[in-house]
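Now for the letters of each chain:
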Amino acid sequence: MTPLLEVRGIDKSFGPVQVLHNVTFSAYPGEVTALVGDNGAGKSTLVKCIGGIYPIDGGDILFDGKPVQVHGPRDAGELGIEIVYQDLALCDNLDIVQNMFLGRERRSGLVLDEASMEELATQTLDGLSVRTVKSIRQQVSSLSGGQRQTVAIAKAVLWNSKVVILDEPTAALGVAQTAQVLELVRRLADTGLAVVLISHNLNDVFAVSDQIAALYLGKMAAQVRTADVTHAQVVELITSGRSGDLGIAQ
Amino acid sequence: MNKVKELPGEAIVTATQSPSIGHSVTAYIERVRGGDMGALPAVLGLLVLCTVFAIARPAFLTAINVANLFTQGAAVTVIAMGLVFVLLLGEIDLSAGFASGVCAAVLAVTLTNMGLPWYVCVGAAILTGIVIGTVLGTLVAKVGIPSFVVTLAAFLAFQGLVLVLVDEGTNISIRDPVIIAVANKNLPVWLGWALFAACVAGYAALQLIRAGRRAKRGLVADPFSLIAARVGALAIIGGVVVYVLNLERSRNPAISSLMGVPIVVPVILVLLVVWTFVLRRTAFGRHIYAVGGNAEASRRAGISVDRIRISAFVICSAMAAVGGIVAASRASSVDPNTGGSSVLLYAVGAAVIGGTSLFGGKGRVLDAILGGAVVAVIENGMGLMGYGASVKYLVTGFVLLLAAGVDALARKRAAAAGLR
């Protein structure tokens with residue numbers, strides 16, 4: 001199977017500090033690929049390079065096997081790469097539909113086509129089996145953390161997206177809401193999307209992921225199938241970059 | 001749309017049938033309790049003030065005074081309508097008052113000193129406003145100077161600019177009949193009623209068509225009873241106002257008759273409809289709310305935040321120009337004080353009293369009109385009561401503080417209720 005999204009040998013420096021060294025990573029359709037690593041390992045930088053927020057210094061990004069150039073969030077969006085950031089990027093003073101279509105509103109002529117946006121938003125949320133929101137015309141400010149996360153994810157899948165990257169989606173959530181969001185993550189992959197899940201929480205990672213990619217000090221320690229490794233091995237990969245014959249050669 | 005598999009699970013929105021009118025009322029009360037008061041304080045304040053003044057000074061409710069109220073408050077209201085756009089972004093424009101003065105001076109100079117036709121002069125005044133707004137907006141958005149400082153500097157500079165334009169303190173009188181008519185002449189009685197009928201019918205038609213379209217698509221639509229109530233309220237309020245304005249208000253009707261809706265009223269109505277349409281029904285308006293709510297989220301959503309910021313300042317200054325034209329028309333002249341003294345604070349007060357948040361992201365153009373009415377009623381009523389400028393300033397300052405306090409407390413309350 002060819003990966004839907006593949007990065008090969010990416011380097012990225014900020015001034016004198018090299019944050020990513022020759023990083024290789026791939027995400028497959030229908031699978032959840034977890035991206036793990038300690039603080040400062042380069043997870044967020046890697047995601048921002050893929051999303052076009054940071055330009056890469058070297059290496060290739062391949063989409064569906066073909067090399068592509070990503071120069072900005074717009075380029076990433078056109079390819080079908082959507083990133084759900086940790087701070088969600090929702091406008092509290094707008095309602096769910098308005099947020100989901102923010103910046104890409106549907107119009108008929110000059111006027112916003114509210115009815116068709118509302119229909120599509122409803123379909124998308126229904127398709128994700130979201131059943132906790134009272135009305136999709138309620139303001140985002142009135143939603144709980146889990147509901148906001150759901151709206152942010154729904155916003156990402158609304159756009160014919162093929163790759164959805166979630167940056168710590170459960171970091172700020174309670175137990176029940178975490179379970180809800182993880183269930184949603186799994187469903188996204190089951191519908192055929194390539195899902196990249198950035199997480200600190202190994203329980204979450206083992207609960208939903210098919211593959212685990214561990215970054216260690218800006219280098220890709222290993223990308224392995226979740227079924228082939230144990231909890232302890234992943235911890236070793238995260239903390240020392242090596243576990244047995246896995247990981248960076250010493 | 002993604003090919004998302006239909007998975008078992010409850011639908012997110014099951015209620016496709018219209019909510020009842022009772023339901024709508026309960027929902028509104030919930031919102032107010034949660035801290036989202038909208039225009040409620042302004043409407044209540046207006047009722048209380050009108051009642052108090054009507055009891056204390058019966059002259060308050062005479063036809064001539066009511067007509068006065070409209071022409072007195074018009075300039076400030078128009079400036080406030082423009083300020084709403086800047087306030088929606090969480091910015092402020094302290095120079096709007098003197099910007100209106102500068103534009104009025106441009107109007108007077110081109111009209112009286114150069115003798116150009118009135119439409120050219122109006123165009124020049126509004127163009128001046130657009131240039132001012134572009135400069136202010138660019139300094140705020142591109143250079144990154146806080147709007148408070150940029151517009152405070154402009155506030156000072158524009159005072160000087162007005163002085164330059166009107167030649168160090170002289171007074172330029174305006175004699176063009178069209179410009180004078182804006183704030184001093186009235187519509188014929190029949191035209192007032194025709195306009196009223198057109199407004200009510202147009203509003204009803206818009207509401208019904210919208211509800212019909214939504215119902216046909218199976219979306220939640222406003223119930224007929226709610227639409228009827230809204231249209232009815234508009235018809236009653238509008239009808240009473242037009243009736244009063246159409247009464248004879250000349251002391252000697254035999255010599256000269258004075259009746260009809262002041263021309264400035266339909267001018268404000270047109271501005272209200274246009275800007276409400278822009279804010280509520282276009283992507284541009286949606287982006288203004290979005291930038292005011294979360295600028296970073298808007299940037300990531302691909303909205304050009306700088307462009308939105310500059311546009312808001314342009315709209316604000318252009319509306320200030322319109323306000324300046326109205327003020328010049330009312331005074332029939334332009335002097336160095338046009339747009340000065342209390343005009344700016346009254347305009348900011350009008351927007352905030354009407355329910356526009358100083359924190360950005362919340363507000364409507366209609367708010368400016370409601371707030372402008374409150375300010376005009378205070379100014380007019382206090383004048384009738386015989387209080388001087390000192391008391392007027394004190395009371396208006398207090399009311400502005402009260403409105404800003406209500407805004408801040410409502411925000412806190414909304415945070416406590418989990419609504420923000």
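Here the structure is shown first, and the text comes after it.
Please read these numbers as outputs of a predicted model, since none were measured by experiment.

Colleague: What am I meant to see in the overall build of chain A here?
Modeller: Scanning chain A for helices and strands turns up 8 helices and 14 strands. Taken over the C-alpha trace, chain A has a radius of gyration of 18 Å; the compact-globule value for 250 residues is 18 Å, and the two agree within 12%. Dimensions along the principal axes, computed over C-alpha positions, put chain A at roughly 60 × 40 × 35 Å. Sorting the 250 residues of chain A into buried and exposed places 53% on the buried side.

Colleague: Looking at this structure, how should I read the pairing of strand β2 (residues 17–27) of chain A?
Modeller: Along a regular strand, successive side chains alternate from one face of the sheet to the other. All names here are of chain A. Two elements, strand β1 (residues 5–14) and β2, share 7 bridges in a ladder whose sense is antiparallel. The partner of Glu-6 across the bridge, within β2, is Ser-26. Between β1 and β2, which pair antiparallel one after the other, the connecting turn spans 2 residues, and Gly-15 there sits at a positive phi close to 60 degrees.

Colleague: Just to check I follow, could you spell out the sheet that holds strand β3 (residues 32–37) of chain A for this structure?
Modeller: Residues and elements named next belong to chain A. With respect to topology, 6 strands assemble into an open sheet ordered β6-β9-β10-β3-β11-β12, the strand pairing being mixed. Because the sheet does not close on itself, it has two edges, and the strands there are β6 (81–84) and β12 (219–225). Here the average twist between neighbouring strands, direction ignored, is 15 degrees. One ladder, built from 4 bridges, connects β3 with strand β10 (residues 194–198); its direction is parallel. From the neighbouring strand, Thr-33 faces β10, where its bridge partner is Val-196. Lying over the sheet, helix α5 (residues 145–157) contacts β6 and β9 (163–167), oriented at roughly 170 degrees with respect to β6. The strands that helix α6 (residues 175–190) touches are β3, β9 and β10; relative to β10, the one it contacts most, it runs at about 150 degrees.

Colleague: What exactly am I supposed to notice about the sheet that holds β1(A) here?
Modeller: Strand-to-strand pairing in sheets goes through backbone hydrogen bonds, with the strands running parallel or antiparallel. Residues and elements named next belong to chain A. Across the sheet, 4 strands lie side by side as β2-β1-β4-β5; this open sheet has antiparallel pairing. On the outer flanks of this sheet lie β2 and β5 (66–68), each paired with one strand and no other. Between one strand axis and the next, the sheet turns by 30 degrees as a mean value, whatever way the strands run. Relative to β5, strand β4 (residues 58–63) runs antiparallel, the two being bridged by 3 bridges. Bridge pairing in β5 places Phe-63 opposite Lys-66.

Colleague: What is the right way to read the nonpolar core from this model?
Modeller: Across soluble globular proteins, nonpolar side chains show a tendency to be buried alongside one another. With 188 residues, the main nonpolar core has Val195(A), Ala214(A), Ile79(B), Leu83(B), Leu107(B) and Ala347(B) as its most contacted residues. By residue number, the principal contributor to this core is helix α13 (residues 305–331) of chain B, which donates 16 residues. With sequence-adjacent residues up to four places away left out, Val195(A) is seen in contact with Val32(A), Thr33(A), Val164(A), Leu166(A), Val185(A), Leu188(A) and Ala189(A).

Colleague: Quick question: what am I supposed to make of unusual backbone geometry here?
Modeller: Trans is the common state for peptide bonds, and a negative phi is the common state for residues other than glycine. All names here are of chain A. The backbone of Asp-64 sits at a positive phi, close to 55 degrees, despite the residue not being glycine. Topologically, Asp-64 is positioned in the loop between β4 and β5. Taking the number of C-beta atoms within 10 Å as the measure of exposure, Asp-64 has 15 and is therefore partly exposed. Despite not being glycine, Leu-217 shows a phi value in the positive range, around 50 degrees. Relative to the helices and strands, Leu-217 resides in the loop between β11 (211–216) and β12.

Colleague: Sorry, what's going on with the packing of helix α5 (residues 118–143) of chain B against helix α6 (residues 147–165) of chain B here?
Modeller: Each pair of packed helices gets described by two things: the angle between the helix axes and the distance between those axes. All names here are of chain B. At a minimum axis separation of 9 Å, α5 and α6 run at an interaxial angle of 150 degrees. As far as their axial angle goes, α6 and α5 are roughly antiparallel. Of the two elements, α5 crosses α6, and the hand of that crossing is right-handed. From α5, Leu-136, Leu-139 and Val-140 reach across to α6, where they touch Ser-147, Val-150, Thr-151 and Ala-154.

Colleague: Where do I start with the packing of helix α4 (residues 96–113) of chain B against α6(B) in this structure?
Modeller: Residue and element names in this part refer to chain B. The geometry of α4 relative to α6 is characterised by a closest axis approach of 8 Å and an angle of 15 degrees between their N-to-C directions. In terms of orientation, α4 lies roughly parallel with respect to α6. Classified by chirality, the crossing of α6 by α4 is left-handed. Listed contacts from α6 to Phe-98, Ala-99, Gly-101, Val-102, Ala-105, Val-106 and Val-109 of α4 are Phe-155, Phe-158, Gln-159, Leu-161, Val-162 and Leu-165. Tallied by class, the residues present in the contact of α4 with α6 amount to 11 nonpolar, 2 polar and no charged.

Analysis parameters
- Residues numbered from 1 in each chain as written.
- Chains lettered and ligands numbered in written order.
- Predicted model: local features only at pLDDT ≥ 70, side-chain atom pairs only at ≥ 80, totals over all residues.
- Helix = DSSP H or I, 4+ residues; strand = E, 2+ residues; numbered from the N terminus.
- Rg over C-alpha atoms; globule rule 2.2 N^0.38 Å.
- Buried ≥ 20, exposed ≤ 12 C-beta atoms within 10 Å, placed from the backbone.
- Pairing = 2+ DSSP bridges.
- Axes fitted to C-alpha atoms, helices over the stretch in contact; angles between N-to-C directions.
- Contact = placed C-beta atoms within 7 Å.
- Core = buried A, V, L, I, M, F, W, Y, C linked by C-beta atoms within 7 Å.
- Parallel < 35°, antiparallel > 145°, perpendicular 65-115°, else oblique.
- Left-handed = near helix turned anticlockwise from the far one by under 90°.
- Nonpolar A, V, L, I, M, F, W, Y, C, P; charged D, E, K, R; others polar.

Such coordinate-based values are descriptive only and should not be taken to indicate function.
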